[in-house]
Amino acid sequence: MDTGAKRVAARRSASQRRSGRGRSKGRSNGPGRKGGAWRTAAWALGTMTTLLLGLCALVMWWIQAPLALGQPVVELTVERGRPASAVAEDWVQAGVQAPAWALAAYFRWSGDARRIRAGSYAAEEGLSPQGLLAKMVRGEESLESVVFIEGWTFAQMRSALARAPGLRQTLHGLDDRAVMQALGSPQLPAEGWFFPDTYRYARGVSDRPVLMSAHEAMKRQVDKAWGQRRADLPLRSPAEALVLASIVEKETGQASERARIAGVFVNRLRMGMPLQTDPTVIYGLGPSFDGNLRKRDLQTDTPFNTYTRRGLPPHAIAMPGAQSLLAAVQPEPTKALYFVARGDGSSVFSPTLEAHNRAVNQYQRRRPCPGTGQADEQAIGRPPPRA
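The residue numbers shown here count from 1 along each chain, following its written sequence. Residue-level local features of this predicted model are given only where pLDDT is at least 70; pairs of side-chain atoms are given and counted only at 80 or more, and the full residue set underlies all totals for whole chains, interfaces and linings. Processing note: side-chain calculations cover all non-hydrogen atoms of the structure and skip hydrogens and water entirely.

S.K.: For this particular structure, what's the right way to read the overall build of the protein?
M.R.: If you tally the helices and strands in the protein, you get 13 helices and 8 strands. Partitioning the contacts of the protein with sequence separation of at least 6, the portion at a separation of at least 24 is 66%. Areas reported here follow the Shrake-Rupley algorithm with a probe of radius 1.4 Å; residue values treat only the protein chains shown as occluding. Accessible surface for the protein amounts to roughly 21600 Å². Of this, 53% is attributable to carbon and sulfur atoms. Strands are runs of DSSP state E lasting at least two residues, helices are runs of H or I lasting at least four, and both sets are numbered from the N terminus onward. Note on contacts: a residue pair is in contact if any heavy atoms of the two residues lie within 4.5 Å.

Written out as structure tokens, the structure reads:
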């Protein structure tokens with residue numbers, strides 16, 4: 001009995017030891033399996049994060065990288081109310097070499113898609129998607145320009161306007177009076193009331209706002225000059241100052257003589273002498289003037305013939321610049337009543353007819369008339385013919 005009991009006890013003890021080792025082994029394997037799962041999850045998360053960061057870096061690079069263009073400058077007019085996706089497609093069709101879906105996605109992702117403004121835009125080399133969107137959001141339109149030159153007539157100005165690129169013509173066919181009516185100044189003549197300058201405009205805009213800008217600029221310049229006038233001038237209004245300035249503009253060969261030429265005309269106005277200035281006669285001849293001013297032209301009476309009529313002509317004969325406007329209201333004090341061209345752009349000024357005749361004999365009498373080969377035998381005692 002004792003021996004059997006011992007054997008049973010020994011077997012139980014061995015069984016318990018084996019069971020304990022199994023439990024111990026099971027407890028040691030549990031943390032290992034869990035650690036492996038965490039490592040797998042961490043690796044997957046890291047990989048996804050790396051991919052996302054790489055994708056974000058690629059997107060950021062793309063929106064700041066220069067766009068490929070089909071030509072040096074790609075132009076597009078964005079219509080009002082056009083959705084961003086359509087604008088993106090329009091750019092691609094116009095010549096921007098980028099996926100339209102990518103441009104549209106960036107426009108939406110930026111949050112500025114609804115802020116895109118209608119207008120005419122240009123994409124130049126080096127422009128990025130970010131820069132392109134910024135242009136449209138800020139309304140930085142592609143601008144053209146037209147230049148109006150000092151001394152031009154209104155007809156010459158309208159001709160330049162008709163040739164201006166990208167300008168929508170709405171005033172074509174209207175006479176001068178109708179144009180001034182359209183600009184809200186029916187009481188003013190068209191001639192002279194537009195300031196010579198460079199005017200910029202967006203493609204597709206009409207000619208009316210360009211003309212309006214030039215007209216308003218001249219009104220401001222005339223008012224500014226009139227506010228600086230000398231108190232003793234024989235001029236009754238800003239409009240008369242504009243007329244005199246237009247004559248000074250046409251008669252001036254050298255800018256330094258502008259105020260002195262104005263002084264000659266002011267002296268004549270004070271004395272009641274005819275201005276006797278050829279540019280006014282030429283203006284009065286209109287399209288019939290063939291480039292040669294003849295004695296019979298000086299004797300043919302028109303409202304602009306300052307040989308047959310005293311005082312200023314009815315209105316300006318050209319567009320004066322700011323310096324001519326200032327010269328008209330601040331003429332140089334001088335005793336001169338005559339001047340004649342030397343032939344180098346400058347003039348000789350004389351206080352008497354006798355001195356003027358000597359200057360004419362020296363600089364004009366023996367000089368052939370342009371285009372004729374004959375000496376100038378026109379009447380003397382008048383300012384030189386310049387037009």
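S.K.: How do you make sense of the pairing of strand β5 (residues 143–147) when you look at a structure like this?
M.R.: Where a strand is regular, its side chains alternate between the two sheet faces. Of the two faces of β5, the one holding Glu 144 and Val 146 is buried and the one holding Leu 143, Ser 145 and Val 147 is not buried anywhere. By this definition, two strands are paired if DSSP reports at least two bridges between them. As paired strands, β5 and strand β6 (residues 198–202) are joined by 5 bridges and run antiparallel to one another. Residue Val 147 lies in a different strand from β6, and its bridge partner there is Thr 198. Any residue under 20% of the maximum accessible area for its type is buried, any over 50% is exposed, and the rest in between are partly exposed; the area is computed with a 1.4 Å probe on protein chains only.

S.K.: Just to check I follow, could you spell out the pattern of salt bridges for this structure?
M.R.: Think of it this way: side chains of opposite charge can pair up when their charged atoms draw near. Salt bridge criterion: a side-chain nitrogen from Lys or Arg within 4 Å of a carboxyl oxygen from Asp or Glu. Applying the stated criterion across every chain, the model contains 16 salt bridges. Its salt-bridge partner being Arg 115, residue Asp 112 comes within 3.0 Å of it at the nearest N-O pair. Residue classification places Asp 112 among the partly exposed residues on the basis of a relative accessible area of 21%. Among the ionic pairs, Arg 138 bridges to Glu 140, the shortest N-O distance being 2.5 Å. Its relative accessible area of 35% is what places Glu 140 among the partly exposed residues. One salt-bridge network, held together by shared partners, links Glu 75, Glu 144 and Arg 203.

S.K.: I keep staring at unusual backbone geometry and nothing clicks. Help me out?
M.R.: In most cases, non-glycine residues show a negative phi, while peptide bonds are predominantly trans. Unusually for a residue other than glycine, Gln 276 sits at a positive phi of about 50°. For Gln 276, the position within the fold is in the loop between α9 (258–271) and α10 (278–285). For Gln 276, a relative accessible area of 17% puts it in the buried group.

S.K.: Sorry, what's going on with the packing of helix α7 (residues 207–226) against helix α12 (residues 322–329) here?
M.R.: Between two packed helices, what matters for the description is the angle formed by their axes and the separation of those axes. Across the interface, α7 lies against α12 with an axial gap of 9 Å and an inter-helix angle of 30°. Classified by the angle between their axes, α7 and α12 sit roughly parallel to one another. Our pair here, α7 against α12, has a crossing hand that is right-handed. Residues Met 218, Gln 221, Val 222, Ala 225 and Trp 226 of α7 pack against Ala 322, Leu 325 and Val 329 of α12. Here the contact of α7 with α12 is built from residues that sort into 7 nonpolar, 1 polar and no charged. In this analysis, axes come from line fits to C-alpha atoms, helices being fitted only over the stretch in contact, and the angle between any two N-to-C directions falls in the range 0 to 180 degrees. Roughly parallel means an angle under 35 degrees; roughly antiparallel means over 145; roughly perpendicular covers 65 to 115; every other angle is labelled oblique. A crossing counts as left-handed when the near helix is turned anticlockwise from the far one by less than a right angle, and as right-handed when that turn is clockwise. Amino acids outside the nonpolar list (Ala, Val, Leu, Ile, Met, Phe, Trp, Tyr, Cys, Pro) and the charged list (Asp, Glu, Lys, Arg) are all regarded as polar, and Gly is one of them.

S.K.: Whenever I open this one, the packing of helix α8 (residues 238–251) against α9 confuses me. Can you help?
M.R.: Axis separation between α8 and α9 bottoms out at 10 Å; the angle between their running directions is 125°. When the interaxial angle is binned, α8 and α9 end up oblique. In the packing of α8 onto α9, the handedness of the crossing is right-handed. Judged by residue contacts, Leu 244, Ile 247, Val 248, Glu 249 and Glu 251 of α8 engage Arg 258, Ile 261, Ala 262, Phe 265 and Val 266 from α9. Among the residues making up the contact of α8 with α9, the classes are represented as 7 nonpolar, no polar and 3 charged.

S.K.: Explain the packing of aromatic side chains to me, please; I cannot follow it from the model alone.
M.R.: Only centres within 6.5 Å qualify two rings of Phe, Tyr or Trp (six-membered ring in Trp) as a pair; their planes then separate them into stacked at under 30 degrees, edge-to-face at over 60, and tilted for everything else. Throughout the structure, instances matching the rule amount to 7 aromatic pairs. When the centroid spacing of 6.1 Å and the interplanar angle of 40° are considered together, the rings of Tyr 106 and Trp 109 count as tilted. Taken together, the positions of Tyr 106 and Trp 109, both in helix α3 (residues 100–110) and 3 residues apart, correspond to about one turn of that helix. The buried category is assigned to Tyr 106, whose relative accessible area is 8%.

S.K.: Just checking my understanding: could you explain the layout of surface pockets for this structure?
M.R.: Rolled over the atoms, a probe as big as a water molecule pinpoints where empty space is left. Of the voids in this model, the second largest pocket is the one considered here, and its volume is about 240 Å³. Points on a 1 Å grid, built from protein atoms alone, make a cavity when a 1.4 Å probe fits but cannot get out and make a pocket when they are open with protein on both sides within 12 Å along at least 5 of 7 lines; residues with an atom within 4 Å of a point are the lining residues. If you go around the second largest pocket, you meet 12 residues; those closest to its centre are Thr 153, Lys 250, Ile 282, Tyr 283 and Ile 317. In terms of residues, the lining of the second largest pocket owes the most to one element, α10, which gives 3 residues. When the residues that make up the lining of the second largest pocket are grouped by side-chain class, the tally is 7 nonpolar, 4 polar and 1 charged. Grid points are joined across faces, edges and corners, and a volume is the space filled by probe spheres set on the points.

S.K.: Explain the nonpolar core to me, please; I cannot follow it from the model alone.
M.R.: Where a protein is soluble and globular, its nonpolar side chains tend to be buried together. What is meant by a nonpolar core is a set of buried Ala, Val, Leu, Ile, Met, Phe, Trp, Tyr and Cys residues, joined one to another through side-chain atoms within 4.5 Å. Val 146, Phe 148, Phe 194 and Leu 211 are the most contacted members of the largest nonpolar core, which totals 54 residues. Those elements that provide at least two residues to this core are α5 (154–163), α6 (176–182), β6, α7, α8, α9 and α12. With 8 residues, α7 is the single largest residue contributor to this core. Beyond its immediate stretch of four places on either side in the chain, Val 146 contacts Ala 160, Leu 161, Ala 164, Asp 197, Thr 198, Tyr 199, Tyr 201 and Val 210. Judged by nonpolar contacts, the second largest core, of 24 residues, contains Leu 69, Leu 127, Leu 132 and Val 137.

S.K.: Looking at this structure, how should I read the confidence of the model for the protein?
M.R.: Low pLDDT means the predicted atomic positions in that stretch should not be read closely. Per-chain confidence: the protein averages 86 in pLDDT, with 83% of residues scoring 70 or above. Each residue carries a pLDDT score, the predictor's confidence in it, ranging from 0 to 100. Scored below 50 in pLDDT, residues 24–28 makes 0 contacts in the model with residues more than four places away or belonging to other chains. Below pLDDT 50 for its whole length, residues 368–387 participates in 63 contacts with residues either more than four positions away or in separate chains.

S.K.: How should I be thinking about the side chain of Ser 206 in this particular structure?
M.R.: On the secondary structure map, Ser 206 appears in the loop between β6 and α7. Other than its neighbours up to four places away in sequence, Ser 206 contacts Leu 167, Arg 168 and Thr 170.

S.K.: Whenever I open this one, the environment of Val 137 confuses me. Can you help?
M.R.: Along the chain, the position of Val 137 falls in helix α4 (residues 129–138). Residue class for Val 137 comes out buried when judged on its relative accessible area of 9%. The spatial distance from the C-alpha of Val 137 to the C-alpha of Arg 114 is 8.8 Å, given a sequence separation of 23 residues. Ignoring anything within four residues of it in the chain, the contact list for Val 137 reads Asp 112, Arg 115 and Arg 117.

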